[in-house]
Amino acid sequence: MPAFADDEGGAVVNVAIATHVRGSLDGDRVNIERDTTCGGLGSSAAEHVLTEALRNADADLDEIA
């Protein structure tokens with residue numbers, strides 16, 4: 001990211017967020033259990049990937065994400 005920081009100033013901070021979402025499929029209903037401490041930090045994206053993966057076992061998780 002030096003190109004941006006050199007032109008605009010500032011610093012670059014890299015962060016990784018560990019969000020855990022678990023789920024199960026009950027007929028057409030997806031039951032989701034989430035780590036509430038991570039709410040809003042990627043949990044909705046993790047839920048989306050989980051839901052699609054449960055509904056389509058052959059889905060490409062990278063493509064869903």
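Please read all numbers here as calculations on a predicted model, not as lab measurements. (Residues numbered from 1 in each chain as written. Predicted model: local features only at pLDDT ≥ 70, side-chain atom pairs only at ≥ 80, totals over all residues. Heavy atoms only, no water.)

*Asks:* Explain the overall build of the protein chain to me, please; I cannot follow it from the model alone.
*Replies:* The secondary structure content of the protein chain amounts to three helices and two strands. Element order for the protein chain, N to C, with α for helix and β for strand: α-β-β-α-α. Within the span of the protein chain, comprising 65 residues, buried residues form 17% of the whole. Residue pairs at least 24 apart in sequence account for 30% of intrachain contacts in the protein chain once pairs closer than 6 positions are excluded. Element-wise, carbon and sulfur atoms account for 48% of the exposed surface of the protein chain, whose accessible area totals about 5300 Å². (Helix = DSSP H or I, 4+ residues; strand = E, 2+ residues; numbered from the N terminus. Buried < 20%, exposed > 50% of the residue type's maximum accessible area, 1.4 Å probe, protein only. Contact = heavy atoms within 4.5 Å. Areas by Shrake-Rupley, 256 points an atom, 1.4 Å probe, with all protein chains shown as cover.)

*Asks:* Got a minute to help me understand the confidence of the model for the protein chain in this structure?
*Replies:* Detailed conclusions should not be drawn from predicted coordinates in areas where pLDDT is low. Of all residues in the protein chain, 77% have pLDDT values of 70 or greater, and the mean over the chain is 77. For the protein chain, helix α1 (residues 2-8) is the element with the lowest average pLDDT, namely 77, and strand β1 (residues 21-26) is the one with the highest, namely 86. (pLDDT = per-residue confidence, 0-100.)

*Asks:* Please explain the environment of E33 as it appears in this structure.
*Replies:* As for its position among the elements, E33 is in strand β2 (residues 29-34). Taking the relative accessible area as the measure of exposure, E33 reaches 52% and is therefore exposed. Residues E33 and H20, 13 residues apart in the sequence, show an inter-C-alpha distance of 8.7 Å. Apart from residues no more than four positions distant in its own chain, E33 is found in contact with H20, V21 and R22.

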